[in-house]
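Coordinate inspection notes
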Amino acid sequence: MGFWKSLFSSSDTASSQMKLEGDAVDGAISRTDGNNRIFFSTERDIDLYELEELCDAVGWSRRPMRKVRKAIQHSFLVTSMWQQRGNTRRLIGFARATSDHAFNATIWDVVVHPEFQGKGFGKALMKYTIKKLRSEDISNITLFADPHVVNFYRTMGFVPDPEGIKGMFWYPD
Ligand SMILES: CC(C)(COP(=O)(O)OP(=O)(O)OC[C@H]1O[C@@H](n2cnc3c(N)ncnc32)[C@H](O)[C@@H]1OP(=O)(O)O)[C@@H](O)C(=O)NCCC(=O)NCCS
């Protein structure tokens, strides 16, 4: 069984000192040190302003909040990643998936706050999301990768254009 190995150098550790190692998937809750813990949730009760701040932090263009709310409501799975320090909870990662509830799911909006990037949290978030989808017997999981993150998804086993299949898009004129 996988488990969190979250290393905190002190109880007052800054996020920049946090590091996540190992197969941090099965446990929804990280190992803690003092007041500090990182955990996943599939609750949809997300403060949309906090989500907007997270997306702003990685430079994404803003989207109308009513549409983001609708997208979350109608997603098959919503995964969020939180840092909890004492009574304060901070949204540090997010991903969601749409699905036909039988065969296919597509993962969207994968994001980790810059302060937490490069420490294994993105991989843990993805693995957690995939595990949840697999637990619903979804076998075909797809996503659209920005060119600069193709290798990030490769590390989790995603294959670009398998057997020459091309993603195709239609846009309004
Ligand atoms: C992409 C993103 C989610 C990765 O999260 P992260 O926490 O930094 O990633 P991790 O630390 O878990 O990295 C996991 C692995 O992917 C690699 N990786 C991470 N970011 C990468 C990148 N941009 N390009 C290539 N490889 C990357 C890491 O080196 C690591 O490899 P390893 O398992 O061999 O050590 C994060 O950088 C992010 O939120 N970026 C901005 C938003 C974005 O671009 N989202 C994707 C839209 S398609």
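So, here's what we can say about the structure. Keep in mind that this is a model prediction, so the values were computed, not measured. (Residues numbered from 1 in each chain as written. Predicted model: local features only at pLDDT ≥ 70, side-chain atom pairs only at ≥ 80, totals over all residues. Heavy atoms only, no water.)

Observations concerning the site of the ligand
Near the ligand lie 21 residues; those nearest to it are V110, V112, G118, G122 and K123. Interatomic distance of 2.8 Å between a backbone N/O atom of G122 and an oxygen atom of the ligand. When contributions to the shell around the ligand are tallied by element, the ones reaching two or more residues are β6 (104-112), α3 (121-135) and α4 (150-154). Split by residue class, the shell around the ligand holds 11 nonpolar, seven polar and three charged. (Near = heavy atom within 4 Å. Polar contact = N/O pair within 3.5 Å; in protein donor to acceptor, adjacent residues only side chain to side chain. Helix = DSSP H or I, 4+ residues; strand = E, 2+ residues; numbered from the N terminus. Nonpolar A, V, L, I, M, F, W, Y, C, P; charged D, E, K, R; others polar.)

What about the pairing of strand β4 (residues 77-85)?
Across a regular strand the side chains alternate sides, sitting on one face of the sheet and then on the other. Judged by how many residues are buried, β4 sits mostly within the fold: eight of nine residues are covered. Where strand β3 (residues 36-41) and β4 come together, six bridges link them in antiparallel fashion. Note on β4: the bridge partner recorded for F40 is M81. As defined by bridge partners, β4 adjoins strand β5 (residues 88-99) across nine bridges and the pair is classed as antiparallel. Counted as the bridge partner of W82 is L91 from β5. (Buried < 20%, exposed > 50% of the residue type's maximum accessible area, 1.4 Å probe, protein only. Pairing = 2+ DSSP bridges.)

Re the environment of Q83
Structurally, Q83 can be placed in strand β4. The exposure class of Q83 is buried, given its relative accessible area of 3%. Considered as a pair, Q83 and G93 are 10 residues apart in the sequence and their alpha carbons are 9.2 Å apart.

Notes on the nonpolar core
Buried together is how nonpolar side chains tend to be arranged in soluble globular proteins. Core analysis: the largest hydrophobic core is formed by 26 residues, its most contacted members being M81, I107, M126, L133 and F158. Taken together, the elements giving at least two residues each to this core come down to β3, β4, β5, β6, α3 and β7 (140-143). Top element by residues in this core is α3. It accounts for seven residues. Those residues in contact with M81 that lie beyond four places of it in its chain are I38, F39, F40, R90, L91, I92, G93, V112, F121 and L125. Core analysis: the second largest hydrophobic core is formed by 14 residues, I46, L48, L54 and I72 among them. (Core = buried A, V, L, I, M, F, W, Y, C linked by side-chain atoms within 4.5 Å. Contact = heavy atoms within 4.5 Å.)

Structural notes on the side chain of T106
Locating T106 in the fold gives a position in strand β6. Given the relative accessible area of 16%, T106 is considered buried. A distance of 2.9 Å separates polar atoms of two side chains, one belonging to T106 and the other to T142. Apart from residues no more than four positions distant in its own chain, T106 is found in contact with R96, A97, T98, T142, L143 and F144.

Looking at unusual backbone geometry
Backbone geometry at H101 places phi at a positive 65°, although glycine is not the residue there. Mapped onto the elements of the fold, H101 is located in the loop between β5 and β6. Despite not being glycine, D109 shows a phi value in the positive range, around 55°. Within the secondary structure, D109 sits in strand β6.

So, the side chain of D109
Since its relative accessible area comes to 17%, D109 is described here as buried. Here R96 takes part through its side chain, which lies 2.8 Å from a polar atom of the side chain of D109. Discounting chain neighbours no more than four positions away, the residues touching D109 are W60, R63, F94, A95 and R96.

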